[in-house]
Amino acid sequence: MIPILDSKRQYAQIGAEVEKAVCEVLRSGSYILGPNCKALESELAKYIGCNYTVTLNSGTDALHLALRALDIGAGDEVITTAFTFVATTEAIGIVGAHPVFADIDPNTFNIDPAKIEAAITPRTKAIIPVHLYGQPCDMDAIMDIAKRHNLYVIEDCCQAIGAKYKGQMVGTFGDIGCFSFYPTKNLGGMGDGGLISVNSEELKNRIIALRNHGGAVRYYHDEIGVNSRLDEIQAAILRIKLNYIDEWNCARRDHAKTYNELFAGCSDIQTPSELADTYCVYHQYTLKIPNRDNIHKMLQEAGIGAMLYYPVPLHLQKVHSHLGFTKGMLPVTEKNTELVISLPMFPELTREEQETVASTLISCIEKSKSATAV
Ligand SMILES: *Cc1c(COP(=O)(O)O)cnc(C)c1O
């Protein structure tokens, strides 16, 4: 059995450090918005290369509060991709705005800048590019469109902490960057957590107020906010993990290279392609294969933890059915939804396991081909 992700192996590496830090928090008596949160915020601002970060409860809240801070709400439109996790559009819905979907680039799976302009209307307020699977979007093109049309850009970096576009970290291009510390993410906590990156002091202060019931001063409330604070235990754990993130992202990149080599010459498999001059952090290693559903089943039976991210594109989800998007309207998204499969990917994955995954997948494809030939 080779799982898609094995969190226990990472714990074996850092467990002693984590347990010590957690015990310190437990003894300290300070559990919410304490010194670890503050330190994590400045350490992450330094790491990402932005003026400020604000810790939050989740990546979903990061997106939600980013929209709130930019005063995006009822009747507004936000252009994004349907090839992502639902939280991206859920946040748009939470503030009363509508997602408008632009199709993706079939090579990067990210929003296709060439499709954005046609989706702009007088009600468009923002673009949310999602750096899916750890692959940066084409930020030059997206920022150019945003500038010309006076739109905000909120980067969904939940799968891409540490990824770079032309040497610059994701989360520093748009007005606000949104990160998740969900346990499976490249920098994952041991519970929920999230973060925004921002350069504007005004936006930073607004988000600090929004995360704590809409007021900067305790018991004085200026607007409706939420409770979206990160706890000290998570912050302490994340501070430890932050020391390893570059090493772990490097390992993911090495594994991606190894998979690419193992699949080279297998014409039925399309390995991931990277946009020029980007540093991809391989939150997922995602292939395109024919007969995907069948092969997915065969892999599961063979004990390989392959997953489909995501089985249904967002424009065809029931939650968004009122938006008027129907099958056929995002052909590249729809086509790729049927082809993609993500393989085991985590820093501690071994060469031997990768070889097993690759040989199993190749033999599954051969078997499924001979089955269809009969
Ligand atoms: C994980 C994820 C989110 C949401 O993050 P949570 O911390 O789980 O709320 C949003 N967008 C994308 C692309 C994600 O992968």
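These numbers come from a predicted model, not from an experiment.

Rules behind the numbers
Residues numbered from 1 in each chain as written. Predicted model: local features only at pLDDT ≥ 70, side-chain atom pairs only at ≥ 80, totals over all residues. Heavy atoms only, no water. Helix = DSSP H or I, 4+ residues; strand = E, 2+ residues; numbered from the N terminus. Rg over C-alpha atoms; globule rule 2.2 N^0.38 Å. Contact = heavy atoms within 4.5 Å. Areas by Shrake-Rupley, 256 points an atom, 1.4 Å probe, with all protein chains shown as cover. Near = heavy atom within 4 Å. Polar contact = N/O pair within 3.5 Å; in protein donor to acceptor, adjacent residues only side chain to side chain. Axes fitted to C-alpha atoms, helices over the stretch in contact; angles between N-to-C directions. Left-handed = near helix turned anticlockwise from the far one by under 90°. Nonpolar A, V, L, I, M, F, W, Y, C, P; charged D, E, K, R; others polar. Salt bridge = Lys/Arg side-chain N within 4 Å of Asp/Glu carboxyl O. Buried < 20%, exposed > 50% of the residue type's maximum accessible area, 1.4 Å probe, protein only. Parallel < 35°, antiparallel > 145°, perpendicular 65-115°, else oblique. Pairing = 2+ DSSP bridges. Right-handed = clockwise from strand over helix to strand, strands pointing away.

Points about the overall build of the chain
- The helix and strand inventory of the chain stands at 12 helices and 12 strands.
- Taken over the C-alpha trace, the chain has a radius of gyration of 21 Å; the compact-globule value for 374 residues is 21 Å, and the two agree within 12%.
- Projected onto its principal axes, the C-alpha coordinates of the chain cover approximately 75 × 55 × 35 Å.
- In the chain, once contacts between residues fewer than 6 apart in sequence are set aside, the share between residues at least 24 apart is 71%.
- As displayed, the chain offers around 15,900 Å² of accessible surface, 53% of which is attributable to carbon and sulfur atoms.

Side note on the site of the ligand
- What surrounds the ligand is a group of 16 residues, the closest being Gly59, Thr60, Asp156, Ser180 and Lys185.
- Contact between the ligand and Thr60: an oxygen atom at 2.4 Å from a side-chain N or O atom of the residue.
- Within the side chain of Lys185, one N or O atom sits 3.0 Å away from an oxygen atom of the ligand.
- For the ligand, whose free accessible area comes to 380 Å², the fraction covered by protein is 93%.
- At the level of elements, helix 3 (59–69) and helix 4 (87–94) are the ones that each hand at least two residues to the shell around the ligand.

Structural notes on the packing of helix 2 (residues 35–48) against helix 8 (residues 232–242)
- Taken N-terminus to C-terminus, the directions of helix 2 and helix 8 make an angle of 35°; their axes are 8 Å apart at the nearest point. Here helix 2 and helix 8 pass one another in a crossing that is left-handed. Residues Pro35, Asn36, Cys37, Ala39, Leu40, Glu43, Leu44 and Tyr47 of helix 2 form the contact with helix 8, whose participating residues are Glu232, Ala235, Ala236, Leu238, Arg239 and Leu242.
- Within the contact of helix 2 with helix 8, the residues separate by chemical class into 10 nonpolar, one polar and three charged.

Some remarks on the pattern of salt bridges
- For the coordinates displayed, the defined rule picks out 17 salt bridges.
- A salt bridge links Arg292 to Asp293; its shortest N-O distance comes to 2.9 Å.
- Here Arg292 falls in the buried class, since its relative accessible area comes to 6%.
- You can call Asp293 exposed: its relative accessible area is 51%.
- Connected through salt bridges with shared partners, the residues Arg68, Asp71, Arg206 and Glu223 form a single ionic network.

Describing the packing of helix 3 against helix 4
- With their axes 8 Å apart at the nearest point, helix 3 and helix 4 run at an angle of 40° to one another. Between helix 3 and helix 4, the angle falls in the class oblique. Helix-helix and strand crossings are classified by hand; for helix 3 and helix 4 the assignment is right-handed. Across from Thr60, Leu63, His64 and Leu67 in helix 3, the residues of helix 4 making contact are Ala87, Thr88, Glu90, Ala91, Ile92 and Ile94.

What about the environment of Thr121?
- With respect to the element layout, Thr121 can be found in the loop between helix 5 (113–116) and strand 4 (124–128).
- On the accessibility criterion, Thr121 (30% relative accessible area) is partly exposed.
- Thr121 sits 28 residues away from His149 along the chain, and the two C-alpha atoms are 9.8 Å apart.
- Here Glu77 takes part through its side chain, which lies 2.7 Å from a polar atom of the side chain of Thr121.

Considering the sheet that holds strand 2 (residues 77–81)
- One open sheet accounts for seven strands, arranged 1-9-8-5-4-2-3; its pairing is mixed. Each having just a single partner strand, strand 1 (52–56) and strand 3 (98–102) make up the two edges of the open sheet. Averaged over all neighbouring strand pairs, the angle between strand axes comes to 25°, with direction disregarded.
- Pairing between strand 1 and strand 9 (residues 194–198): five bridges, direction antiparallel. What sits directly across from Tyr52, in strand 9, is Val198.

Things to note about the pairing of strand 4
- Burial analysis of strand 4 places four of its five residues in the buried class, the great majority of the element.
- Where strand 4 and strand 5 (residues 152–156) come together, two bridges link them in parallel fashion. Residue pairing for strand 5: Ala126 is matched across the bridge by Tyr152.
- A crossover links strand 4 with its parallel partner strand 5, the connecting element being helix 6 (residues 139–149), and its sense is right-handed.

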